[in-house]
Amino acid sequence: MNKNDVAPVPPMGWNSYDYYNTMVNEDQVRANAEYMAKNLKQYGWEYVVIDIQWSDPHAGDRNADGTQYIPFSRFCIDEYSRQIPAPNRFPSSEGGKGFKPLADYIHSLGLKFGIHIMRGIPRFAAHEHLAIKTNDGSKATADMVANPYSVSRWNPDMYGVDYKRPYAQDYYDSIFELYADWGVDFVKVDDICNTNMYPHNPYSAEKEVEMMAKAIENSGRSMVLSLSPGPAVIEKAHHYENFANMWRITDDFWDDWKLLKAMFERCEVWQKHTGDGNWPDCDMLPMNRLGWGWAAPGTPEEKRGWYSKFTKEETRTMITLWSIFRAPLMIGTDLPQLDDFNLSLLTNEEILAMDKCPNQAEQLSSSCHDDVVVWRNITDDGHAYYAYFNISEEKQTVTMNVDESVKGAVIRDLWQRKDLGEEVTFTLEPHACRAFKI
């Protein structure tokens, strides 16, 4: 099984985090999957991904000041210290079924199923010397593979797995064996992408990526391996390309123009590393309704969350950049609440076609020095995509011409979905974009 065959084009789907935070439940996942199957699947959207804390029966429960009840989570695990869905949130998992019933339902809709995990092994399993599954049937416990000096800076639930320990690979084999049994198609692994994050233990996360890639291969099931959070380290590009399918080139991305403007520089750095099953990841698309699961305890339902702070032009710029750069496209919202405008952005097949273009795109101008950033991708059949982005705070005027050597070519506006001729002059408002095919 070649890992590059798993994601021949950038994965497209939905992730629960931007709207639900840690609190998504089975009914909500099913509702989003059903919406995707009905309204988005025909445009290439297919992954339904449950993000962080799905094994925690108390996810979202906090003290009045917003802090957690306990220093680290005591979530649901099986007899081998493997996390399993919290049955109070995912009732179809009762009786040891895990995520298989939910995955089967999502597959029945013609979609694919994904989950989020933190790297490592549950801390409480190590503290209590709970059993892990080994490949040769030997008895081993979680503390025998845990590295107590490898703990996430922002999520204290797990210890890293020490790759030098005898049963380290066995542990990762066991969890991906479980995911294969459930029918998982996509695994987002957190606290693992930026291997420079922990300089005192530089090989911990890097070796865990390698163990996971081997565990997926050993499981016999194709799964996309997605690494988070970033920013990924460009010097480690070869390692990402060898062992993963996606890796985050940014920290968590939200609806803030400063973060979107900074993404142009990140894409410029990574533009030569897209393709052949490898996809630098700009993070989710925060749009429409956001943040329902981020409300403070006691917040009334009608006051939970917010509407994306991106303007319409900024939202269009985000989707255009992700698409011409060929980033994975993961929608971050509650899909059943999509308004007509945001739905129209996600169902423009001419824009989405840029994301599936087999060739690498290139940035033709500097995101550090130019007011208008230009991206281009030339296709195998002689067409060319161009995208113009005004990253300044002033209006900009642009004129583009068809190359005189290209007889009969016309400029097609991909957002307006109409042909414009052989020369086009247009004005770009601040933060706005235009996308064309010649």
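Within each chain, residue numbers correspond to sequence positions counted from 1 in written order. Two thresholds apply to this predicted model, a pLDDT of at least 70 for residue-level local features and 80 or more for giving and counting side-chain atom pairs, whereas whole-chain, interface and lining totals are computed over all residues. Note: side-chain values were computed over all heavy atoms of the structure, leaving out hydrogens and water.

Participant: Lay out the domain arrangement of the chain in plain terms, naming residues and giving numbers.
Facilitator: Domain limits in this description derive from either an automatic procedure or a database domain assignment. Domains assigned within the chain are domain 1 (3–356) and domain 2 (363–437). One C-alpha centre belongs to domain 1, the other to domain 2, and the line joining them spans 34 Å. At the interface, 25 residues of domain 1 touch 24 residues of domain 2. The junction of domain 1 with domain 2 conceals about 2200 Å² of combined surface from both sides, 62% of it contributed by carbon and sulfur atoms. Whether two residues touch is decided by their heavy atoms; if any such pair falls within 4.5 Å, the residues are in contact. Put simply, buried area is how much 1.4 Å-probe accessible surface two parts lose in total, over both of them, once they are put together.

Participant: Report on the pattern of salt bridges, specifying residues and quantitative values.
Facilitator: Basic side-chain nitrogens of Lys or Arg form a salt bridge, by our definition, when they fall within 4 Å of a carboxyl oxygen of Asp or Glu. Evaluation of the coordinates by the stated rule reveals 26 salt bridges. A salt bridge links Asp191 to Arg119; the nearest nitrogen and oxygen atoms lie 3.1 Å apart. Taken as a pair, Asp191 in the loop between strand E9 (186–190) and helix H6 (204–219) and Arg119 in the loop between strand E3 (112–118) and strand E4 (121–122) lie far apart in primary sequence, 72 residues in all. Whether a residue is buried, partly exposed or exposed follows from its accessible area with a 1.4 Å probe, protein chains only, as a fraction of its type maximum: under 20%, in between, or over 50%, in that order. For Asp191, a relative accessible area of 3% translates into the label buried. Residue Asp255 is joined to Lys309 by a salt bridge in which the shortest nitrogen-to-oxygen separation is 3.4 Å. Taken together, the residues span a long stretch of sequence, with Asp255 in the loop between strand E11 (246–248) and helix H8 (257–270) and Lys309 in the loop between strand E15 (306–307) and helix H9 (312–325) at a distance of 54 residues. Among the residues examined, Lys309 registers a relative accessible area of 56% and is labelled exposed. Connected through shared salt-bridge partners, Asp78, Arg82, Lys133 and Glu177 make up one network. Numbering of helices and strands runs from the N terminus, with a helix taken as a DSSP run of H or I at least four residues long and a strand as a DSSP run of E at least two residues long.

Participant: Residue-level account of the side chain of Thr22, with values.
Facilitator: Mapped onto the fold, Thr22 is located in the loop between helix H1 (17–20) and helix H2 (26–39). When its relative accessible area of 15% is taken as the criterion, Thr22 is described as buried.

Participant: Help me get a handle on the sheet that holds E9, residues and values and all.
Facilitator: A pair of strands counts as paired when DSSP detects no fewer than two bridges linking them. Pairing in this open sheet of nine strands is parallel, and the strands run E12-E11-E10-E9-E3-E2-E1-E16-E13 from one edge to the other. If you trace the sheet from one side to the other, it starts and ends with strand E12 (279–281) and strand E13 (285–286), each paired once. Bridge count for E13 against strand E16 (residues 329–332) is two bridges, and the pairing is parallel. In the strand pairing of E16, Pro286 is matched with Gly332. Contacts between helix H3 (residues 100–108) and the sheet are confined to strand E2 (47–50) and E3, with E3 contributing the most and set at about 140° to the helix. The axes are straight lines fitted to the C-alpha atoms, using for helices just the contacting stretch, and the angles between their N-to-C directions are given from 0 to 180°.

Participant: Describe the sheet that holds strand E7 (residues 146–147), and please don't skip the residues or the numbers.
Facilitator: Here we have three strands laid out as an open sheet, ordered E4-E8-E7, and antiparallel in their pairing. Two strands bound the open sheet, and with one partner strand each, they are E4 and E7. Alignment of E7 against strand E8 (residues 158–161), held across two bridges, turns out to be antiparallel. Bridged to Asn147 within E8 is Gly160.

Participant: Describe the packing of H8 against H9, and please don't skip the residues or the numbers.
Facilitator: Look at H8 against H9: their axes get within 11 Å of each other, and the N-to-C directions meet at 15°. In terms of axis orientation, H8 runs roughly parallel to H9. At the point where H8 passes H9, the crossing takes the left-handed sense. Contacts from Trp257, Leu260, Met263, Phe264, Cys267 and Trp270 of H8 reach H9 at Glu314, Thr317, Met318, Leu321, Trp322 and Phe325. Note on terminology: angles under 35 degrees are roughly parallel, angles over 145 are roughly antiparallel, angles of 65 to 115 are roughly perpendicular, and the others are oblique. Crossing handedness is read from the near helix: turned anticlockwise from the far helix by less than a right angle, it gives a left-handed crossing, and turned clockwise, a right-handed one.

Participant: Tell me what's going on with unusual backbone geometry, and back it up with residues and numbers.
Facilitator: In this model, Ser228 is joined to Pro229 through a cis peptide bond whose omega is -20°. Residue position: Pro229 is located in the loop between strand E10 (224–227) and helix H7 (237–243). Following Gly230, the chain continues to Pro231 via a peptide bond in cis, the omega torsion being 0°. Inspection of the secondary structure puts Pro231 in the loop between E10 and H7. The backbone of Asn288 shows a phi angle near 60°, a positive value even though the residue is not glycine. Residue placement: Asn288 occurs in the loop between E13 and strand E14 (289–290).

Participant: Give me the nonpolar core: which residues, what numbers.
Facilitator: Within this scheme, the nonpolar core is defined by two criteria: the residues are buried Ala, Val, Leu, Ile, Met, Phe, Trp, Tyr or Cys, and they are joined through side-chain atoms within 4.5 Å. In this structure, Trp45, Phe176, Tyr179, Trp322, Trp375 and Phe389 are the most contacted members of the largest nonpolar core, which totals 108 residues. Taken together, domain 1 (3–356) and domain 2 (363–437) each give at least three residues to this core, which thus spans both. Beyond its immediate stretch of four places on either side in the chain, Trp322 contacts Phe253, Leu260, Met263, Cys282, Asp283, Met284, Leu285, Ala327, Pro328, Leu329 and Asp355. Judged by nonpolar contacts, the second largest core, of 17 residues, contains Ala7, Phe75, Val224 and Trp279.

Participant: Can you explain the pairing of E8? Please cite residues and give values.
Facilitator: Examined bridge by bridge, E4 and E8 share two bridges and lie antiparallel to one another. If you follow Ile121 over to E8, its bridge partner there is Tyr159.

Participant: Got a sec to walk through the packing of aromatic side chains? Specific residues and values, please.
Facilitator: Each Phe, Tyr or Trp ring, with Trp reduced to its six-membered ring, pairs with another whose centre is within 6.5 Å; inter-plane angles below 30 degrees give stacked pairs, above 60 give edge-to-face pairs, and intermediate values give tilted ones. Applying the stated criterion across every chain yields a total of 27 aromatic pairs. Centroid distance Tyr19 to Trp292: 6.2 Å. Interplanar angle 15°. Geometry classified as stacked. One end of the pair, Tyr19, is in helix H1; the other, Trp292, is in the loop between E14 and E15, and 273 residues separate them in sequence. With relative accessibility at 7%, the residue Tyr19 sits in the buried group. Plain terms: the ring middles of Phe90 and Phe99 are 5.2 Å apart, the flat faces sit at 80° to each other, and that makes the pair edge-to-face. Overall, Phe99 belongs to the buried group, its relative accessible area being 1%.

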